Amino acid sequence: METTRGKSYLHSHTSSRWTSGFLSWIFSTDHKRIGVMYGVTMFSFFFLAVSLGFWIKLQKLYPASSGWEMIPPEWYGSVFTLHAIIMIFLFIVPGAPAVLGNFFLPLQIGARDVAFPRINLLSFWLYLFGAIMAIVGILLGGSDTGWTFTPPYSVTTKTISMFGTQFDSVSWMLTAAFILGWGTILTGINFIVTIHRMRAKGMGYFRMPLFTWSIYATSWLQVLATPVVGITLLMIVIERIMPVGFFDPSKGGDPILFQHLFWIYSHPAVYIMILPSMGLVSEIIPTNSQKPIFGYKSIAVASCSIAGVGYLLWAHHMFATGMATFAAILFSFLTFFVAIPTAIKVFNWTATLYKASISLTPPMLFALAFIFNFSIGGLTGMFLGSLSTDIHLHDTDFIVAHFHYTMFGGAAFGLIGGIFHYFPKMFGKMYSIKWANRAFGFMFIGFNTLYFPMFILGFLGMPRRYHTYPDIPIYVTLQQISTVGSWILVTGVTLVLGVWIHGLLRGKRSAQKNIWNSSTIEWQTASPPTLYNFEEEVEITRHPYDYQAFRDEVKAGTTAGAEDE
Amino acid sequence: MNEQSVSTEMVHHHDETGTRLGFWLFLYTELFLFAAFFLIYAVYRSNHLEDFKIAAESLNTGIGTQNTIILLASSLTMVLSLNALKSGKVKLSKTFLLFTIGLGTAFLIIKGFEWNSKFGHHLFLQTAGGIAAGEGSPLLTPGADMLPNGQVLFYGLYFIMTGTHALHIIIGGIWMLVVYRWIDKGSINPDNPGVLERCGLYWHMVDLIWIFLFPLYYLVA
């Protein structure tokens, strides 16, 4: 194993200055290195945005009458906008596909890299460039538009000039979002071509692991939806520079048209966020149950139908903005319809657990929490999808709780669980299981303490995006429970990042290939994988979750299983 | 086996079909980008039908037709260039490619004159700063001589859509220059015409978008 091919991807392969050290990462076209780079940058941004969320919740500790002011009122809009923009555009939209998709998609289909490695690197650079641009923009000028940039407010709002300059940070942020969008599109194209063209011999479409299926569905959404929002955001920039009145009703424009164009992308975007995490859960659960996943085909097809139907229900974000009644009914129906494939997945995961020998490893805990949180988030989505209740709940904390249950309790828990699952494979080291479990406990309890009261608050009429709240006893109690929850949650998040960093620096080395005894082929590579992933051409002879055949292969010694250490 | 031979053999083996698939997906996203514009055009046209008709009459159909013919001809020379390369006539292929670049440039020059004449009639987009400085045009200065909303929207869309289209022509032109250089160097050759083919696909897409822009702005007056 002393040849170049046998070396881990983490090693520098030559000694020249450009190909070793930091530069060998930033100029690397290796999909594994790109995945790790995405991971490091994304979780740094994630932690930044978590701190902002913590700050926002701290502001809500006492009602208006107390004179408590953690955030000046004129900053509040900018703070939650920054929180949202980082979380959405820099963390959860690139999310699992950028980190684990880049790393494990080629491994799962037995390929040596993605189809266009250089374009993959370009995507990362676009992401990095857009991210820096967004952060710089908001620090220089602030932006209180909310992440949706809804006109006419986003056209007319004046930005705070911090250094005595007229810095138009809103246009700047919009341009950043446009650039980030191109990074996403190129990643999507790359993955679609990779899945179509580079599967190993013997891997038919219905022999692909479910994470690959979910990435496939996600990639189509990225390619289908992102260009529309790109051009729509650019029109706001044009509008701010040259006021033609595209979305200004006093000049004959139509602000509702913007909302349609915006949500045509941004609703599919929520499926871009959640589908990959669903795929990760579909990997973690059979591995930790040691049995085939229940209803493999239906999960694969459900991923694609969620993507398909998810493209057609954008206007349920606009029930309160004014729309033809027939259109509203249609979009409401489609919203309920998309719950069917989603629920199929939840049933399949729980059915997989039935009579299984379950190991409660850290990734499994996160996967189970995903099912719990996501079910609450999904079902409260039904409240919002029905026309009459939506009028009551629109623009309240109920919505905030709902999308945090799906995006954070769902997508982010799934992604964090996925990283706990794949950590030993990515770095050939093991983190502290004990501390990972504790981190999970803090996160799960903190998360539910933080967001569950917000459902009730919203139901009682607490509007979202408000700087403070009146001195009503029930409001005060619930807000304070919620704020205390945010402290527990932040502790949990910090612990998770701490466990990872500790695992990277001090973790126990473990070169064993298949530490969780998983049946999919990415676990047959070295830990960490070598530069070209597989030493030999891979040939697939069985279903990815056929644990019976897998156990026979391990017995026969042709496949690596978990070893006792 | 040394590193170099591994990477050329294993990683960078070229999959022409895969590249073509990826490129078609990219073209799709470009079309979708314009689709958003066309959607906005459709909505405002139905909202301001009369104004759109009046404004469209101010556009010069003669110039529009001329440009359409130029762009269609450039698509033809592009195909001829690819055909020539595939049948091994490298020199002819380069000549046709030059013709295509020339026609693209001609399109841009004519477009430039057309825009310029619109500016001359003050039918241009004015910055907010310009208004503040008192350099108002009939487009944006409030008052009796201000254009109706619908016409402002028409010109706004006209400039943005043809402007984005012109930007695509410029990108296509630069790409063709690069391709020309590569044919010169021999990295694009009769056995490996893929890049020229994709460049051609891109050019046809730009052409296709114009085929829709032309009637919507010049003909349906």
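Keep in mind that what you see is a predicted model, and the values were worked out from it rather than measured.

**Student:** How should the overall build of chain A be read in this particular structure?
**Tutor:** Regarding its fold elements, chain A presents 17 helices and 2 strands. The C-alpha radius of gyration computed for chain A amounts to 24 Å, which stays within 12% of the reference 24 Å derived for 565 residues, consistent with globular compactness. Across the 565 residues that make up chain A, the buried fraction comes to 63%. For chain A, restricting intrachain contacts to residue pairs at least 6 apart in sequence, the fraction spanning at least 24 positions comes to 82%.

**Student:** I tried to follow the overall build of chain B on my own but got confused; where do I start?
**Tutor:** Looking only at helices and strands, chain B features 8 helices and 0 strands. Secondary structure elements of chain B, listed N to C terminal, follow the sequence α-α-α-α-α-α-α-α. Per-residue burial over chain B gives 47% buried out of 221 residues. Of the contacts made within chain B by residues no fewer than 6 positions apart, 79% connect residues no fewer than 24 positions apart. Accessible area of chain B: about 10,200 Å², with a carbon and sulfur share of 67%.

**Student:** Looking at this model, I keep getting lost on the side chain of A:Thr145. Mind explaining?
**Tutor:** With respect to the helices and strands, the residue A:Thr145 is situated in the loop between α5 (117–141) and α6 (153–156). A:Thr145 sits in the buried class, given a relative accessible area of 7%.

**Student:** Quick question: what am I supposed to make of the interface of chain B and chain A here?
**Tutor:** One frequent convention defines the size of an interface as the accessible area lost when the parts assemble. In this assembly, 37 residues from chain B lie in contact with 39 residues from chain A. Between chain B and chain A lies a buried interface of about 3,400 Å² when both sides are counted; carbon and sulfur atoms form 77% of it. Viewed at the interface, chain A and chain B are joined by 1 salt bridge. Note that B:Asp15 is salt-bridged to A:Arg197, the shortest N-O span being 2.9 Å. Applying the counting rule to chain B against chain A returns 4 residue pairs in polar contact (both at pLDDT 80 or more). Taken together, the elements giving at least two residues each to the side of chain B that touches chain A come down to α1 (3–11), α2 (16–47) and α7 (149–185) of chain B. With 17 residues, the top contributor of residues to the side of chain B that touches chain A is α2(B). For the side of chain B that touches chain A, the residue count by class is 23 nonpolar, 12 polar and 2 charged.

**Student:** Whenever I open this one, the environment of A:Thr494 confuses me. Can you help?
**Tutor:** Residues and elements named next belong to chain A. Note on placement: Thr494 falls in helix α16 (residues 473–506). On the accessibility criterion, Thr494 (36% relative accessible area) is partly exposed. Remark: the alpha-carbon pair of Thr494 and Phe262, spanning 232 residues in sequence, is separated by 34 Å.

**Student:** Before we go on, may I ask you to explain a nonpolar patch on the surface in this structure?
**Tutor:** All names here are of chain B. Together, Leu167, Ile170, Ile171, Ile174, Val178 and Trp182 line one region of the surface with nonpolar side chains, adding up to about 520 Å² of accessible area. With respect to the secondary-structure elements, Leu167 resides in helix α7. On the accessibility criterion, Leu167 (48% relative accessible area) is partly exposed.

**Student:** I keep staring at the packing of aromatic side chains and nothing clicks. Help me out?
**Tutor:** How two aromatic rings sit relative to each other is set out by the distance from centre to centre and by the angle between their planes. Residue and element names in this part refer to chain A. Enumeration over the complete set of coordinates arrives at 68 aromatic pairs over all chains. Between the aromatic rings of Tyr9 and Phe103, the centroid separation amounts to 5.4 Å while the plane-to-plane angle is 80 degrees, which identifies the pairing as edge-to-face. Taken together, the positions of Tyr9 in the segment before α1 (21–26) and Phe103 in helix α4 (residues 95–108) put the pair 94 residues apart, joining distant regions of the chain. You'll find Tyr9 and Phe103 in the same group, each marked buried. Geometrically, the ring pair formed by Phe43 and Phe91 is edge-to-face, given 5.4 Å between the ring centres and 75 degrees between the ring planes. With a gap of 48 residues between them, Phe43 in helix α2 (residues 31–59) and Phe91 in helix α3 (residues 73–92) connect regions that are remote in the sequence.

**Student:** Looking at this model, I keep getting lost on the pattern of salt bridges. Mind explaining?
**Tutor:** Close approach of charged atoms lets side chains of opposite charge pair. Overall, the coordinates contain 10 salt bridges over all chains when judged by the stated rule. For the salt bridge of A:Arg240 with A:Asp168, the shortest nitrogen-to-oxygen distance reads 2.8 Å. With A:Arg240 in helix α8 (residues 210–241) and A:Asp168 in the loop between α6 and α7 (169–197), the pair connects residues that are 72 residues apart, well separated along the chain. Relative accessible area serves as the criterion here: at 26%, A:Asp168 is assigned to the partly exposed category. The salt bridge partner of B:Lys111 is B:Glu114, with a shortest N-O separation of 3.1 Å. One end of the pair is B:Lys111 and the other is B:Glu114, both in helix α5 (residues 90–120) and 3 residues apart, which spans about a single turn. The same class applies to B:Lys111 as to B:Glu114, namely buried. Three or more residues are tied together by salt bridges with common partners; here these are B:Arg20, B:Lys86 and B:Glu197.

**Student:** Sorry, what's going on with helix α17 (residues 547–556) of chain A here?
**Tutor:** For an α-helix, the turn length of 3.6 residues means that residues three or four places apart are oriented alike. Residues and elements named next belong to chain A. Among all positions of α17, only Tyr547, Phe550 and Glu553 are buried. Buried residues of α17, seen end-on, are gathered within an arc of 115 degrees and therefore sit on one face of the element. With respect to the buried face of α17, the exposed residues turned more than 90 degrees away are Lys555 and Ala556. The elements touched by buried residues of α17 are α9 (255–289). Following α17 by one or two positions, Gly557 adopts a phi angle in the positive range, close to 85 degrees.

**Student:** Could you clarify how one ought to interpret the packing of α9(A) against helix α12 (residues 362–385) of chain A in this entry?
**Tutor:** Two packed helices can be described by the angle between their axes and the distance between those axes. All names here are of chain A. Where α9 contacts α12, the axes come no closer than 9 Å and their chain directions differ by 130 degrees. Relative to α12, α9 is oriented oblique. Seen from above, α9 lies across α12 with left-handed handedness. Where α9 abuts α12, its residues Ile274, Ser277, Met278, Val281, Ile284, Ile285, Asn288 and Ser289 lie against Pro363, Met364, Ala367, Phe370, Ile371 and Phe374. For the contact of α9 with α12, the class distribution of residues is 11 nonpolar, 3 polar and no charged.

**Student:** Got a minute to help me understand unusual backbone geometry in this structure?
**Tutor:** Negative phi is the rule for most residues except glycine; trans is the rule for most peptide bonds. All names here are of chain A. With an omega dihedral of 5 degrees, the bond running from Pro151 to Pro152 counts as a cis peptide bond. Examined against the element boundaries, Pro152 turns out to sit in the loop between α5 and α6. In this model, Gln290 sits at a positive phi of 55 degrees, which is unusual for a non-glycine residue. Position of Gln290 relative to the elements: it lies in the loop between α9 and α10 (296–310).

**Student:** Quick question: what am I supposed to make of the nonpolar core here?
**Tutor:** What tends to happen in soluble globular proteins is that the nonpolar side chains get buried as a cluster. Within the largest apolar cluster, 236 residues are counted, with the highest numbers of intra-cluster contacts made by A:Leu100, A:Trp349, A:Phe408, B:Leu157 and B:Tyr217. In this structure B:Leu157 touches A:Met235, A:Phe246, B:Ile40, B:Tyr41, B:Tyr44, B:Phe52, B:Thr162 and B:Tyr217, once residues within four positions along its chain are discounted. Counting 6 residues, the second-largest nonpolar core is a separate cluster that includes A:Leu457, A:Met462, A:Tyr475 and A:Val476.

**Student:** Which parts of the structure should I look at to understand the packing of helix α3 (residues 49–57) of chain B against α7(B)?
**Tutor:** Residues and elements named next belong to chain B. Running from amino to carboxyl end, α3 crosses α7 at an angle of 55 degrees, the nearest separation of the two axes being 8 Å. By the angle class used here, α3 and α7 are oblique. Relative to α7, α3 is oriented so that their crossing is right-handed. Between α3 and α7, the residues in contact are Asp51, Phe52, Ile54, Ala55 and Ala56 and Gly150, Gln151, Leu153, Phe154, Tyr155 and Leu157, respectively. The residue makeup of the contact of α3 with α7, split by class, is 8 nonpolar, 2 polar and 1 charged.

**Student:** Even after reading the chapter, I still don't get the side chain of B:Asn67, so can you show me in this structure?
**Tutor:** Tracing the backbone shows B:Asn67 in helix α4 (residues 61–86). What B:Asn67 contacts, discounting residues up to four positions off in sequence, is B:Phe107, B:Ile110, B:Lys111 and B:Trp210.

Scoring rules and cut-offs
- Residues numbered from 1 in each chain as written.
- Chains lettered and ligands numbered in written order.
- Predicted model: local features only at pLDDT ≥ 70, side-chain atom pairs only at ≥ 80, totals over all residues.
- Heavy atoms only, no water.
- Helix = DSSP H or I, 4+ residues; strand = E, 2+ residues; numbered from the N terminus.
- Rg over C-alpha atoms; globule rule 2.2 N^0.38 Å.
- Buried < 20%, exposed > 50% of the residue type's maximum accessible area, 1.4 Å probe, protein only.
- Contact = heavy atoms within 4.5 Å.
- Areas by Shrake-Rupley, 256 points an atom, 1.4 Å probe, with all protein chains shown as cover.
- Buried area = accessible area lost by both parts, 1.4 Å probe.
- Salt bridge = Lys/Arg side-chain N within 4 Å of Asp/Glu carboxyl O.
- Polar contact = N/O pair within 3.5 Å; in protein donor to acceptor, adjacent residues only side chain to side chain.
- Nonpolar A, V, L, I, M, F, W, Y, C, P; charged D, E, K, R; others polar.
- Patch = residues over 30% accessible without salt bridge, like charges linked within 9 Å, V, L, I, M, F, W, Y side chains within 5 Å.
- Phe/Tyr/Trp six-rings, centres within 6.5 Å; stacked < 30°, edge-to-face > 60°.
- Arc of directions from axis to C-beta.
- Axes fitted to C-alpha atoms, helices over the stretch in contact; angles between N-to-C directions.
- Parallel < 35°, antiparallel > 145°, perpendicular 65-115°, else oblique.
- Left-handed = near helix turned anticlockwise from the far one by under 90°.
- Core = buried A, V, L, I, M, F, W, Y, C linked by side-chain atoms within 4.5 Å.

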